[in-house]
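Observations on the model geometry
Read off the chains here:
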Amino acid sequence: MFQPKKKRPRIRKTMSGLIALTLLSSLVLPCVAEAEPMDPSQVKFADVSVQAGQSVHVPVTLKQPDYSAVTAYNMQIDYDSSVLEIVRITPKYVGGNYPSIVENNESNFHYKIDDEAGWVRIIWADLTAGEHPVPVEQQLFDIEVRAKNNAAPGTKKLTVNREDAEHWSFTNVDYENYTELSGGTITITAANSGGDNSGSTPTPNPGNSSGGGGGSVSPTSPVVTPVPSTPAVTKGVDIYVNGQKQEQSATASTSTVNNQVTTTVHVDNDKVINQIGSGLKTLLLPITGTGKGAVVGELNGKLVKTMEGSNAEVVIQTDSGTYTLPANQIQVDQILNQFGSTVPLEDITIQIAIVPSATSKQTAIQAAAGKLENTTVIAAPIDFEVKAIWNGQQVNVDRFNSYVERSITLPEGVDGLKITTGVVLQPDGSLLHVPTKVIKGNVQDSAIINSLTNSTYALIYHPATFSDVSSHWSRDDVQDLASRLIVQGTGENVFAPDRSITRAEFTAVLLRGLGLHSLRSTEAASFTDVKTGSWYEDEVQTAVSYGLISGYADDSFRPNSEISHAEALTIVSRAMKLVGLAQADASETTSLLSTYSDSAKVQAWAAEPVASAIKQELVQGADGKLMSDADISRAQSAAIVKRLLAKAGLI
């Protein structure tokens, strides 16, 4: 497993005399051949994605045993120069202060790029004889790689010949370190046209925090650096603090990247903090006149943290839509943990963006709508994004602890009545409901979407009717939820409103209504009767992650058993917490139940959930009875879910 002691690497003649001389002196370090490491160190090149014609940052990190201390390294990284080129190497660790080195205008970190031959050589050494070795876990340097304009879509690899000591050598004060290598895959996507941003860094899908939280930030990833095709034009803009205009407290720069016009608003963070102190409630960035262009609002972590302490929100208002984001949902502390707790908050850039969706996503949404009966896509889809950027690294904030509101402005002349719901594009290409309501405007109507995630959103018109509910009491509720893709029929034009519903079916309907389509936490269900590959497996897992369902004492869930009113309302009461509806307390429970003649039949475990549903007018009973032990029907389920969403202001 361990490499034997090797001779010090020779210097390539292609390197400059200064680099060669420095390398030679750098590698003359004390050495004790008998000492060997117990475990290998790990060097990792990040796996990244980049569009043809653009550049991307690839961080290179070292993780080593706590007893190890790398004092010099040397590597030659090879790449396919026909499609890739190295723009620059940026050191991230050079060691402590070296007065004599600075005085002599020398450096202990050198690199040389040969884009014709397709290699870059990086050399570093601790010239203090071991006083400033690389920390146990540290980013060594950053590689900025550019995919050439003619690069075809596909994958390329940054490689190292680790069998050649001239190409790969990590040295400890006491031994030559055995070091493993991973990563380095570069996925190249086609250059954009017509505003397609499909080549941007993909957003990971993490499991999120467990327990009562739910918000998350994605792991750090390299920042993709777009190349503007037009010079940026900058001008001063006004913003609003608590409704009061703050003149010249921000600047807006507009440039074009791959035919996509992007306006970036840079807030004067310190000026805003000084003006508002701790009294900030709303920071409004109104950016109009951009048409279908992308708009990005930029704040720093210090301002966001100040806003978080004031329970304030930031609002980005554009021609195509509005994003209203509470500062506490940005989760600055979690972002700081990703970058490192010592990073100054003012050095972290928070970007809140409203971006027209890539043409590839538009095509996918149209294709998905085409598979749904009687469905039309209304208006172009939009991406809502939140990113944190520091030192060439990016963290995506893509999940929240509570519902976050964004709106899509309908084109002039489009009637809001022609919108049945908003939908989110899934990775598998399907469209799923997100809670949506339409607001009438003087000139243009808007669709308000509430979601616990960031994603690509579109608006559809999907009217649905069923012949067997045309004269049923539940007609409006059932057909409304069917038009929102929340409930489905049992056959052609048939809903079967009076049929009972199973525990798995009720769970799925509630999740669709709430717009919960992915896990909130990594907590997994361990029910003995939830079969792998069953249609309800993902729904059960998601419901467990949000704390909506629990099983029986024998660790079963009984997915195919009919669900009673009491059981259904217990699940709904847990959803009430998620949407912010007040529940009945102990003193209210008795009085709320007492108005029904069969209240004594409500079991103790269901008393407060049933009373909470009564309090929020989600249930009304029939003939003065609750019938808590009776099976709930498909129509009753639809009515309860619709009332829940309406009461919470989500539809």
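A brief look at the structure comes next. (Residues numbered from 1 in each chain as written. Predicted model: local features only at pLDDT ≥ 70, side-chain atom pairs only at ≥ 80, totals over all residues. Heavy atoms only, no water.)

Moving on, we come to the sheet that holds strand E13 (residues 185-189). Hydrogen bonding along the main chain pairs the strands of a sheet, whether they run parallel or antiparallel. Strands sit in the order E2-E13-E9 across an open sheet of 3 strands; the sheet is mixed. On the outer flanks of this sheet lie strand E2 (48-51) and strand E9 (154-157), each paired with one strand and no other. The sheet shows a mean angle of 30 degrees between the axes of neighbouring strands, taken without regard to direction. Pairing of E9 with E13 involves 4 bridges; the strand directions are antiparallel. Its bridge partner lying in E13, glycine 154 is registered against isoleucine 188. (Pairing = 2+ DSSP bridges. Helix = DSSP H or I, 4+ residues; strand = E, 2+ residues; numbered from the N terminus. Axes fitted to C-alpha atoms, helices over the stretch in contact; angles between N-to-C directions.)

What follows deals with the side chain of glutamate 298. Tracing the backbone through its elements, the reader meets glutamate 298 in strand E21 (residues 294-300). At a separation of 2.8 Å, a polar atom in the side chain of glutamate 298 contacts the side chain of glutamine 351. In this view, glutamate 298 contacts Thr264, Val265, His266, Val267, Thr349, Ile350 and Gln351; residues no more than four positions away in its chain are not counted. (Polar contact = N/O pair within 3.5 Å; in protein donor to acceptor, adjacent residues only side chain to side chain. Contact = heavy atoms within 4.5 Å.)

Let's shift gears to the side chain of asparagine 450. Looking at the element boundaries, asparagine 450 is found in strand E30 (residues 446-453). What asparagine 450 contacts, discounting residues up to four positions off in sequence, is Tyr403, Val404, Glu405, Arg406, Pro435 and Leu650.

Another aspect to go through is the packing of helix H8 (residues 503-514) against helix H13 (residues 634-647). At a closest axis distance of 10 Å, the pairing of H8 and H13 adopts a crossing angle of 25 degrees. Classified by the interaxial angle, the pair formed by H8 and H13 is roughly parallel. In the packing of H8 onto H13, the handedness of the crossing is right-handed. In contact with Phe506, Val509, Leu510, Gly513 and Leu514 of H8, H13 contributes Ser637, Val641, Leu644 and Leu645. When the residues that make up the contact of H8 with H13 are grouped by side-chain class, the tally is 7 nonpolar, 2 polar and no charged. (Parallel < 35°, antiparallel > 145°, perpendicular 65-115°, else oblique. Left-handed = near helix turned anticlockwise from the far one by under 90°. Nonpolar A, V, L, I, M, F, W, Y, C, P; charged D, E, K, R; others polar.)

Time to look at the pattern of salt bridges. Under the definition given, this model contains 17 salt bridges. Across the pair aspartate 383 and lysine 361 runs a salt bridge, and its minimum N-O distance is 2.9 Å. Residue aspartate 383 is located in strand E25 (residues 376-390), and its partner lysine 361 is located in helix H6 (residues 359-370); the two are separated by 22 residues in the primary sequence. A relative accessible area of 2% means that aspartate 383 is categorised as buried. The shortest N-O distance in the salt bridge between glutamate 617 and lysine 647 comes to 3.6 Å. Of this pair, glutamate 617 sits in the loop between helix H12 (604-615) and H13 while lysine 647 sits in helix H13, and the two are 30 residues apart along the sequence. Assessed through its relative accessible area of 53%, glutamate 617 is described here as exposed. The exposure class of lysine 647 is partly exposed, given its relative accessible area of 40%. Connected through shared salt-bridge partners, Asp477, Asp480, Arg484 and Lys642 make up one network. (Salt bridge = Lys/Arg side-chain N within 4 Å of Asp/Glu carboxyl O. Buried < 20%, exposed > 50% of the residue type's maximum accessible area, 1.4 Å probe, protein only.)

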